[in-house]
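The residues making up each chain are set out below.
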Amino acid sequence: MLIENVEKTTTVEELKKIASQVRRDIVRMVHCCSSGHPGGSLGCADYLVALYFREMKHNTQFTMDGINEDLFFLSNGHISPLWYSVLSRAGYFPASELGTFRKLNSRLQGHPATEEKLPGIRIASGSLGQGLSVAVGAAQAKKLNKDNRLVYVLMGDGEQQEGQVWEALMYAAHHKVDNVIAAVDYNGQQIDGPCDKVMSLGDLKAKYESFGWKVLECAEGNKMEVITETLQKAKSLTGQGKPIAILLKTEMGYGVDYMMGSHKWHGAAPNDEQLAKALAQLEETLGDY
Amino acid sequence: MKKFTFEEKIDTRSGFGVGLVEAGRLNSNVVALCADLIGSLKMGDFIKEFPDRFFQVGIAEANMIGLAAGLTIGGKIPYTGTFANFSTGRVFDQIRQSVSYSEKNVKICASHAGLTLGEDGATHQILEDIGMMKMLPHMVVINPCDFNQTKAATIAIANHYGPVYLRFGRPAVPNFTPKDQKFEIGKALLLNEGADVSIFATGHMVWEAIKAGEILEQKGIDAEIINIHTIKPLDTAAILKSVQKTKCAVSAEEHQVSGGLGESIAQVLSRNYPLPLEIVAVNDSFGESGTPDQLMEKYGLTANDIVKAAMKVVERKAAMKTLSV
Ligand SMILES: Cc1ncc(C[n+]2csc(CCOP(=O)(O)OP(=O)(O)O)c2C)c(N)n1
Ligand SMILES: [Mg+2]
């Protein structure tokens, strides 16, 4: 199914409903295999739902090259449960497969992979810091192909500590790769604690700008209206000689009260009781897998 | 077959954590660095006791290796901590140039090595690290088998001047070697004397080799079991001594068949004393998500796989005898 200009059909209210189901999927998936990363997954759920159900043109009949489609890359591969849920709910593969997450012989690997040929995934990620380079390369391939669709990539804020991110930032500006929209999940948390304590990022906006990027701040990265508005603005700024970045202020664990506002749920799975508590807060809108 | 017992199962990375504190107490030049994985590497106790001698570098492994190399200039003994993949593959050239070629006294301490990291999957399950590290001149490569031995190794490497790669794992495994053992780099440990086949194992596979020895005994095969905790420098003398008696060998490691312990042993044998060898290792494939036990089974790294390999080399040995008659 070609999903194009769905903004005309998918309302913000509908997007919110989808996001609620995606959050249910996430907590159920990590609970089922007692591992995985709910925190960042929940935090970025609204952004990914907005992309896949409204802002991106993409085809669920997956092809690796994605010619004339918008592409998405997940650089912070540990939030794979979110991506898998969104891909399946968008129609890339049956939602029933979500129950195999992180289990032996599954296509839904702990971190996104191409080896098992899961539709929707174009490159392995999980080792942090590599996705922006790949996205910029794919964006240049689009230019060479005279394909004017866009390339989206999502990174973590802790991930910004990897030097390769800055190599890619410098390169993209130098080569005027203005068909890429890179978002940073600016949740202020990483494994060992708040980013400010672990390794401060400083003024990320000023850093990106000084590297030649156009930066948009999305102060409410868990509010669908604000996300879609930011994405439309970002799209309107492409093709003007500068790569676009979105600093997406999210809350880790958003939607599940006891997971919010701490790094504790970066990579921990809920137990039975915690799962029930989480699900009680998330409306089942599309039917659990 | 000698009896081996253990009181508890505990992860080797905890042995590293405890050993690091001890190394810090014994030598005030010992410092530690970590790339946003303090909990996973069990570095918390060291940080508590020596806050000024710990450096959090964030998610920046290449920088960490360079910093460690720099810290040695001035006499510090840096221990870097992150997962095995990010300790080696990600930073190979930084290690090669700034640590190994420059002969710096850096201890690269790597957790979550191999398949037993489990559910995180192939992106994190490095199976090529021993190969990469052993290829580097000056580098010492150690893969201890349990908590006690990892602790001992962590303490011992502070007293060895030069680059060291110390590899350990995530899951709880039998802790069966002696408490407070002395760790001698490069010295293979004879666990069980036997006459029919030599089994050389490293890391988590040492316990599997012991279990294999018990199964083999029931089949009437008397296995000699040797713990090769140091892959480089390899204890060539111990290996040759054993195979001169048994005339066939099996190696076992949680690593890719290329570049691992088995390949090192093959080199020793073909150069000195060619005879049948089977290598129990991952056969040129990436890993995947699953529980540690499921993965070890699927990728052929269990006691049973060692048993099969041992029976095969014993057969090959017999066939060779017939041939030469
Ligand atoms: C190169 C690399 N180093 C270390 C890790 C281990 N790791 C996984 S997630 C993570 C923290 C990431 O922080 P952030 O990007 O802020 O993601 P969040 O915790 O907010 O989801 C770390 C250190 C990794 N996956 N890759
Ligand atoms: Mg973060």
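Structure: see above.
How each quantity is defined
- Residues numbered from 1 in each chain as written.
- Chains lettered and ligands numbered in written order.
- Predicted model: local features only at pLDDT ≥ 70, side-chain atom pairs only at ≥ 80, totals over all residues.
- Heavy atoms only, no water.
- Helix = DSSP H or I, 4+ residues; strand = E, 2+ residues; numbered from the N terminus.
- Rg over C-alpha atoms; globule rule 2.2 N^0.38 Å.
- Buried < 20%, exposed > 50% of the residue type's maximum accessible area, 1.4 Å probe, protein only.
- Contact = heavy atoms within 4.5 Å.
- Areas by Shrake-Rupley, 256 points an atom, 1.4 Å probe, with all protein chains shown as cover.
- Lys, Arg positive; Asp, Glu negative; His and termini not counted.
- Charge placed at Lys NZ, Arg CZ, Asp CG, Glu CD.
- Pairing = 2+ DSSP bridges.
- Expected span 1.5 Å × (residues − 1).
- Arc of directions from axis to C-beta.
- Buried area = accessible area lost by both parts, 1.4 Å probe.
- Salt bridge = Lys/Arg side-chain N within 4 Å of Asp/Glu carboxyl O.
- Polar contact = N/O pair within 3.5 Å; in protein donor to acceptor, adjacent residues only side chain to side chain.
- Nonpolar A, V, L, I, M, F, W, Y, C, P; charged D, E, K, R; others polar.

## Here we look at the overall build of chain A
Tallying secondary structure elements over chain A gives 10 helices and 9 strands in all. Computed over the C-alpha atoms, the radius of gyration of chain A is 17 Å, within 12% of the 19 Å expected from 2.2 N^0.38 for a compact globule of 289 residues. Considering only C-alpha atoms, chain A reaches an extent of 50 × 45 × 35 Å along its principal axes. When the 289 residues of chain A are sorted by exposure, 59% land in the buried category. Considering only intrachain contacts with a sequence separation of at least 6, the fraction spanning at least 24 residues in chain A is 77%. Only carbon and sulfur atoms are counted for the fraction: they give 50% of the accessible area of chain A, which is about 11,000 Å². Of the charged side chains in chain A, 30 are positive and 35 negative, and the gap between their average positions amounts to 3 Å.

## Regarding the pairing of strand β5 (residues 180-185) of chain A
Two faces, one strand: in a regular strand the side chains alternate between the faces of the sheet. All names here are of chain A. Of all 6 residues making up β5, 6 are buried, and the element is well covered by its neighbours. By the alternation rule, side chains of β5 split into V180, A182 and V184 and I181, A183 and D185, which are all buried. When strand β4 (residues 151-156) meets β5, the two strands line up parallel, connected through 6 bridges. The residue of β5 that forms the bridge with L154 is A183.

## Notes on helix α6 (residues 163-174) of chain A
Residue and element names in this part refer to chain A. An ideal rise of 1.5 Å per residue puts 16 Å on 12 residues; α6 measures up with 17 Å between its terminal C-alpha atoms. Among the residues making up α6, those that are buried are V165, W166, A168, L169, A172 and A173. Summarising the axial view, the buried residues of α6 lie within an arc of 160°, below the 170-degree limit, and thus occupy one face. Exposed side of α6, more than 90 degrees from the buried face: E167, M170 and H174 are the residues found there. Buried positions along α6 lie against α5 (131-144), β4 and α8 (204-210).

## Describing the interface of chain A and chain B
Counting residues at the interface gives 30 residues for chain A and 26 residues for chain B. On the chain A side of the contact with chain B, A:L104, A:E162 and A:D192 bury the most area, a combined 28% of that side's loss. Summed over the shared surface of chain A and chain B, the number is 2 salt bridges. In this structure, B:D120 and A:R102 form a salt bridge, with 2.8 Å as the shortest nitrogen-oxygen distance. Linking chain A to chain B there are 17 residue pairs in polar contact (both at pLDDT 80 or more). Looking at the side of chain A that touches chain B residue by residue, the class counts come to 7 nonpolar, 16 polar and 7 charged.

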